[in-house]
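Listed below are the residues making up each chain.
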Amino acid sequence: MNMILGVVLAMFAVTSMPVSAANGSGQAEARDMVQVRVWSVHATNQKTVMGDGLERVAKHLKNLNYSGFELLRKDSAGISVKGARRFAIEGDRTVRVSILSQNEQRARVRVQVKSEEGTLLDTTVSIRRNGFFIVAGPRYKGGILVLPIFARY
Amino acid sequence: MSLSPVELARLHVEDGLMAVSELDEESLKAFDPDVDALFRATVREALRPPVSPSIVHDVMGRIGTVVPPVADAVRTEADASASVVGAVMDRIGVASNPGRMLGEAIRVEGGELDSVWPGVAAAIGADVGIDLGGLLRGAIEEESEHMPVGWGSAARPRWVIPAAAGVVIAAAAALLLWVSSTGTGGSSVVEKIAEGPVDIEALEVGAASAVQVLQLGEDAPTIILIEEETAPVDGAK
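The rules behind each value
- Residues numbered from 1 in each chain as written.
- Chains lettered and ligands numbered in written order.
- Predicted model: local features only at pLDDT ≥ 70, side-chain atom pairs only at ≥ 80, totals over all residues.
- Helix = DSSP H or I, 4+ residues; strand = E, 2+ residues; numbered from the N terminus.
- Buried ≥ 20, exposed ≤ 12 C-beta atoms within 10 Å, placed from the backbone.
- Contact = placed C-beta atoms within 7 Å.
- Pairing = 2+ DSSP bridges.
- Axes fitted to C-alpha atoms, helices over the stretch in contact; angles between N-to-C directions.
- Core = buried A, V, L, I, M, F, W, Y, C linked by C-beta atoms within 7 Å.
- pLDDT = per-residue confidence, 0-100.

Take the overall build of chain A next. The helix and strand inventory of chain A stands at three helices and eight strands. Burial analysis of chain A (153 residues in total) assigns 33% to the buried set. Once local pairs closer than 6 in sequence are excluded, the contacts in chain A between residues at least 24 apart make up 45%.

Let us look at the overall build of chain B. Scanning chain B for helices and strands turns up eleven helices and three strands. Listing each helix as α and each strand as β along chain B from the N terminus yields α-α-α-α-α-α-α-α-α-α-α-β-β-β. For chain B, the residues scored as buried account for 6% of the 237 residues in total. Looking at chain B alone, contacts between residues at least 24 apart form 12% of all its contacts between residues at least 6 apart.

Pairing is antiparallel across the open sheet formed by five strands, whose spatial order is 3(A)-4(A)-5(A)-6(A)-1(B). With partners counted over all chains shown, the strands left at the sheet margins are strand 3 (84-89) of chain A together with strand 1 (199-205) of chain B, one partner each. Along the sheet, successive strands turn relative to each other by an average axial angle of 15°, direction set aside. The pairing of strand 6 (residues 118-128) of chain A with strand 1 of chain B spans six bridges and is classified as antiparallel. Residue pairing in the sheet places A:Ser126 in a bridge with B:Asp199 of strand 1 of chain B.

Before going further, it helps to spend a moment on the sheet that holds strand 2 (residues 68-80) of chain A. Across a sheet, strands are paired by hydrogen bonds formed along the backbone, either parallel or antiparallel in direction. Spatial strand order, 2(A)-1(A)-8(A)-7(A)-3(B)-2(B): six strands in an open sheet with mixed pairing. Edge strands, defined here as strands with exactly one partner in the open sheet, are strand 2 of chain A together with strand 2 (209-214) of chain B. Taking the axes of each pair of neighbouring strands and ignoring which way they run, one obtains an average angle of 20° across the sheet. With three bridges joining them, strand 7 (residues 131-140) of chain A and strand 3 (residues 223-228) of chain B adopt parallel strand pairing. Bridge pairing in strand 3 of chain B links A:Val135 to B:Ile224.

Residue and element names in this part refer to chain A. Pairing of strand 3 with strand 4 (residues 93-102) involves six bridges; the strand directions are antiparallel. The partner of Phe-87 across the bridge, within strand 4, is Val-95. From the end of strand 3 to the start of strand 4, which pair antiparallel, there are three residues, and Gly-91 there has a positive phi angle of about 75°.

What follows deals with helix 6 (residues 84-92) of chain B. With zero of nine residues buried, helix 6 of chain B lies mostly on the surface of the structure. Downstream of helix 6 of chain B by one or two residues, B:Gly93 has phi in the positive range, about 85°.

All names here are of chain A. One non-glycine residue, Lys-82, lies in positive phi territory at about 75°. Checked against the element boundaries, Lys-82 lands in the loop between strand 2 and strand 3. With a phi close to 50°, Lys-141 is a non-glycine residue in the positive phi region. Among the secondary structure elements, Lys-141 is positioned in the loop between strand 7 and strand 8 (143-152).

What follows is about the nonpolar core. In this structure, A:Val135, A:Ala136, A:Val146 and A:Leu147 are the most contacted members of the largest nonpolar core, which totals 41 residues. At the level of elements, strand 1 (33-44), strand 2, strand 4, strand 5 (106-115), strand 6, strand 7 and strand 8 of chain A together with strand 3 of chain B are the ones that each hand at least two residues to this core. Those residues in contact with A:Ala136, other than ones at most four positions away along the chain, are A:Leu64, A:Ile144, A:Val146, A:Leu147, B:Ile223, B:Leu225 and B:Ile226.

Here we come to the pairing of strand 7 of chain A. The element strand 7 of chain A is extensively covered by neighbouring structure, given that nine of its ten residues are classed as buried. Connecting strand 7 of chain A to the next strand, strand 8 of chain A, in antiparallel fashion are two residues, including A:Lys141 with a positive phi near 50°.

A few words now on the confidence of the model for chain A. Per-residue confidence for chain A gives a mean pLDDT of 84; residues scoring 70 or more make up 80%. The low-confidence segment residues 14-24 of chain A (pLDDT under 50) makes six contacts with residues lying over four places distant or belonging to another chain.

Turning our attention to the environment of A:Asp32. Residues and elements named next belong to chain A. Tracing the sequence through the fold places Asp-32 in the loop between helix 2 (25-31) and strand 1. C-alpha of Asp-32 to C-alpha of Lys-82: the two residues are 50 residues apart in sequence and 9.5 Å apart in space. Apart from residues lying up to four places away in sequence, Asp-32 is in contact with Ser-80 and Val-81.

Bringing the confidence of the model for chain B into the picture now. Residues and elements named next belong to chain B. Confidence along chain B averages 74 in pLDDT terms, with 72% of residues attaining 70 or more. Per-element confidence in chain B is highest for strand 1, whose mean pLDDT is 90, and lowest for helix 11 (residues 187-190), whose mean pLDDT is 44. Note on residues 231-237: pLDDT is under 50 here. Beyond four places in sequence and across chains, it has 17 contacts. Confidence metrics for the complex model read pTM 0.46 and ipTM 0.80.

Here it is in structure tokens:
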């Protein structure tokens, strides 16, 4: 009986820690921070498999005219409002993500894809909370790079 | 009997009291110093006794080796009831242990030494009567953060062990959940992605590129497709 009571108390203490951490100053800090994730996926017709780790976006990738998809890397960073972060991706390209603003529903994000030749894309989108969109097209090893960009907060 | 000057000078030369160069002409004509020296050497050689052969080895070989009975003589002369050392010490008038006497002599010679601690204590500003041992023990315990352990003396509450086990289990479960949520493969399990289009507020592409915006359903994410002119890229289906 005592052991059960101890387990219950401990579980309550452990599970309540994130809740308490989200309250107070931590809540305000988390509200101003957007967790941005940039996946680098290699799409090619030389393969016919969907790589591991792409289950969440597989049905959307299949809309592209490629038969094989491989997850090359995952980059992520917490970016505060008015802040920016540059991610170096495959093919000597960079993705610069800036958080312009955010509210309970959406976040305004500016995405700049650049290569050695210059800017490939410069767009500002409004992403719903915990949503994502896809930038695709930069050439890479006989295929293209597909970049799902997530904004979680 | 009296000697003439020539005879006196001749004796002086023979005895070494006068050099030949100091002789006058009359003496030099009366005798020859070299002849006298040769005569003296001849007489000395004639009077030298002949070398006598040593008879020591022959005598010792005849009588053999003899060991002086010194030890037997000492034992015979000494009192059977007393040791030789005792007899010697009695003879020289010393009754006690000479080693102890030597130590006492050194101590007497050195005298009484005063403690240097009062001087040291005064120099470092410490109290002369301070307990140095206790001070050192306290410092060591403080440095090592020593915590005295009373084995079996303190009564442990009965609920401590089950509660501690519960905490450990809960912590392990929470850690497992946290690890699975932060793993590359676990993100799809824990996180929920809101699917749907994005609102594009601005869109610019490079001079060497074209762009397509694909929206393939109400809940599908927006796809911004860049088409680099240098290498045509297959678009969406």
